[in-house]
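# Observations on chain architecture
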Amino acid sequence: MSTSATPHILILGGGYVGLYTAWGIRKRLGPDAARITVVEPNSYMTYQPLLPEVGGGEIEPRIVTVNLRSALKDVDIVRGKLVSLDVQAKKAQLREIGGGDLSLDYDQVVFAVGAVTRTFPTPGLEEHGIGFKTVEEAIYCRDKVLDNVALAAGTSDPEERAKALTFVVVGGGYTGVEALTELSDLSKLAVDAHPELDRSQLRWVLIEALDRVAPEVGPNLSQWTLGHLRERGIDVRLKTTMPSCEGSVAELSTGERIPAGLIIWTAGMKPNPVLDDTNVPRGPKGHVNANARLQVIDDSGQVVHGAWAAGDCAQVPDLAAEQQPAYCPPNAQHAVRQAKVLAQNVVNAVQGQGPAEYRHKTLGTVATYGVGRGAAKILGYEVKGKPAWYAAMGYHGLALPTWIHKWRLLAGWSSLVLGDRDITSMGATRHPRRAFVDAHADTQKGKK
C-alpha cells in the first residue's frame, strides 16, 4: 500500500507497454486515486509491426503513430528522457525535451523503455547505414529508394547507376525480410515509371549470418521464405556477414565488395541503453530482471518493491512455453498482453492486493512479404501466400490501437484496390529550409 495520499505511478516509455499500461491503470484508478506520469522522448507511440508497409508506401506514416496526449487523458506526459533512477530510493531524474531538469519521487515505476537497434563497430556503418526500427527510418528508406531510382534514371555513368540501384539489407529476421520485400516492390514500381530503366537493373541483396531467414516462422516456412525470396530475384547470402561498409561499399565476409546506394541494418535488437543510468537489476543480455508477475527481481530472486517491467526491455519467464526455462519473445503480441496484466498488478499494489502471473500461449507468428504475400504459423498451422497476408492484415487491424487508426488503416488498404501506391519521394522535407535559403541567397545576390 502506498504511503502517500495520492500514489504516483511513473511509467518509463510510451511504446506499446507504456501506452496500454497507462490506459489500464487509468481505467481502474480515477485521477483522484492515483497520479500517472509517462516519460517518452517522442510525442507518439509507434505500431512497429506495420513499419514495412510504411516503407513500402502502402500506408501513410501517421496510421502507425498514436499521439500520447490525445490517447491518455488525465495522464501527465513528460517529453524527455531518463537521466538517472534509484529503485531503492524511488527517485528519478529526467531531462525534458526543452533541456530542463525534472526530479520525481514515485511509489510505483514501470520499466517499458523497449529496445533499440543493436549494432557492431563496423567501419562505415554509422556514416552509411540506417536501421528499420522507427517510423522516421521507414520514411527515409522509402524516400531513399525512390530518390536512388530517379538518380539512376538521370545519370549516364553505368557505375553510378548500378550503385544507385543496388540495395543491401543486413539481417534476415522477419523484420529484415519484410522491409526488403516491401521496398523491393516499391523500387520496381518506381523503375516502371522511367522508360530508360529496367527492373533487371535492380539488385537487392540480403545478408544473413545464420543458415536460414525468418526463423521466427519456423523451419518449414523459413525454408519456403528463402525459396520465395530467390524466386523474386533477391540475392540472399546465408552464413555471411558484413565486416565493413566504408564508402557505402558493403564488404562481405566472402571477400566480395558491393557498392550500394542504401544499406539497411536489421541485425538484432538490444535493451534500451537508458537502463544503464539506473540501478535496476538486469540479466546477462541487459534486460531488466522480472518474474512471471512482471515484478522486478534481483539476482537472488527477491522482489524489488514498487518496480515492474515488461516488453522488449524485460526478461519475463514464458510460463506457457513447452520447454522450460523460457522467456517471452520480444513482440507486440506479448507486449500488449503483458501490459494488461501489468496494469492490474500495479493497481493491486496501490490497493494493497497481490499480483497475478502473466501466462500466454502464443497464437503464432505472421510475416508479410508485400501485398498478397506472406508466411504465418497460427495455432500450429502453417499458412503461406495470400491467406497468410490476409491473416496478418486482420491481426494488425485488430491490434492497432484506437478505432480511428483502424479506420485509417482500412482506408489505406482499400486505396490499393483502386490503384497503385504513390511513388512520390518526400526526401526534400529533410531539408525544409533549402528553398527559402536559396531564394534569400538569390535576392541578396541581386542587390549587389
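First, a word on what this report is: a plain description of the structure on this page. What you see is a predicted model; the values in this text were computed from it and never measured. Once a new chain begins, its residue numbering starts again from 1 and follows that chain's sequence as written. Where totals are concerned, whole chains, interfaces and linings use all residues; where local detail is concerned, this predicted model gives features only for residues with pLDDT of at least 70, and gives and counts side-chain atom pairs only at 80 or more. As a rule here, side-chain values come from all non-hydrogen atoms in the structure, and water together with hydrogens is ignored.

## Remarks on helix α9 (residues 332–350)
Formally: Think of it this way: any DSSP run of H or I at least four residues long counts as a helix, any run of E at least two long counts as a strand, and we number them from the N terminus. An expected span of 1.5 Å times one less than the residue number is assigned to each helix. Burial classes follow relative accessibility: with a 1.4 Å probe on protein chains only, a residue under 20% of its type's maximum area counts as buried, one over 50% as exposed, and anything between as partly exposed.
Its 19 residues give α9 an end-to-end C-alpha distance of 27 Å, which sits within 8% of 27 Å, the value for a rise of 1.5 Å per residue. A large share of α9 lies buried, amounting to 15 of its 19 residues.

## Considering the sheet that holds strand β8 (residues 101–105)
Threshold: Pairing between strands is defined by DSSP: at least two bridges between the two strands are required. Fitting a line to C-alpha atoms yields each axis, with helices limited to the stretch in contact; the angle taken between N-to-C directions then spans 0 to 180 degrees.
Here we have 3 strands laid out as an open sheet, ordered β6-β7-β8, and antiparallel in their pairing. Edge positions in the open sheet fall to β6 (80–86) and β8, since each of these has one partner strand only. Strand-to-strand twist across the sheet, computed as the mean angle between neighbouring axes with direction ignored, equals 25°. Alignment of β6 against strand β7 (residues 91–96), held across 6 bridges, turns out to be antiparallel. Each bridged residue has a counterpart across the sheet, and for Leu-82 the counterpart in β7 is Leu-94.

## Things to note about the sheet that holds strand β23 (residues 364–368)
Using the following cut-off: In this description, contact between two residues means that some pair of their heavy atoms is separated by no more than 4.5 Å.
Spatial strand order, β23-β24-β25: 3 strands in an open sheet with antiparallel pairing. Every interior strand has two partners, whereas the edge strands, β23 and β25 (381–384), have only one. Strand after strand, the sheet turns through a mean of 10° between neighbouring axes, direction not considered. Contacting β23, β24 (374–378) and β25, helix α10 (residues 386–399) crosses the sheet at an angle of about 105° to β23.

## Overview of the side chain of Asp-143
Rule in force here: Any pair of N or O atoms that falls within 3.5 Å is considered a polar contact. Within protein, one atom must be able to donate a hydrogen and the other to accept it, and sequence-neighbouring residues count only if both atoms are side-chain atoms.
Within the secondary structure, Asp-143 sits in helix α5 (residues 135–154). In terms of polar contacts, Asp-143 uses its side chain to reach the backbone amide nitrogen of Met-426, at 3.0 Å. Sequence-distant contacts of Asp-143, defined by excluding residues within four places in its chain, comprise Thr-424, Ser-425, Met-426, Gly-427 and Arg-430.

## Section: the packing of α5 against helix α7 (residues 174–192)
Stated precisely, the cut-off is as follows: By convention the crossing between two helices is left-handed if the near helix lies anticlockwise of the far one by an angle smaller than a right angle, and right-handed if it lies clockwise. Charged residues are taken to be Asp, Glu, Lys and Arg, nonpolar residues to be Ala, Val, Leu, Ile, Met, Phe, Trp, Tyr, Cys and Pro, and polar residues to be all remaining types, Gly included.
Look at α5 against α7: their axes get within 9 Å of each other, and the N-to-C directions meet at 30°. In this structure, α5 crosses over α7, and the sense of that crossing is right-handed. Residues Cys-141, Arg-142, Val-145, Leu-146 and Val-149 of α5 form the contact with α7, whose own contacting residues are Leu-183, Leu-186, Ser-187, Ala-190 and Val-191. Looking at side-chain class alone, the contact of α5 with α7 contains 8 nonpolar, 1 polar and 1 charged residues.

## What to know about the nonpolar core
In globular proteins that are soluble, nonpolar side chains generally tend to be buried together. Rules: Remark: nonpolar core denotes a set of buried residues (Ala, Val, Leu, Ile, Met, Phe, Trp, Tyr, Cys) joined through side-chain atoms within 4.5 Å.
In this structure, Leu-10, Leu-12, Tyr-16, Ile-25, Leu-85, Phe-111 and Leu-206 are the most contacted members of the largest nonpolar core, which totals 118 residues. When residues of this core are assigned to their parent elements, the largest contribution, 10 residues, is made by α9. Discounting chain neighbours no more than four positions away, the residues touching Leu-85 are Leu-10, Leu-12, Lys-91, Ala-92, Tyr-106, Val-109, Phe-111, Asp-277, Thr-278 and Asn-279. By size, the runner-up hydrophobic cluster in this structure holds 14 residues, among which are Leu-125, Leu-252, Ile-258 and Ile-263.

## Quick notes on the pairing of strand β12 (residues 166–170)
β12 sits mainly inside the fold: 5 of its 5 residues count as buried. Neither face of β12 is left uncovered, since the one carrying Thr-166, Val-168 and Val-170 and the one carrying Phe-167 and Val-169 both have all their residues buried. By the bridge criterion, 5 bridges tie β12 to strand β13 (residues 203–207) in an arrangement that is parallel. Bridge pairing in β13 links Val-168 to Val-205.

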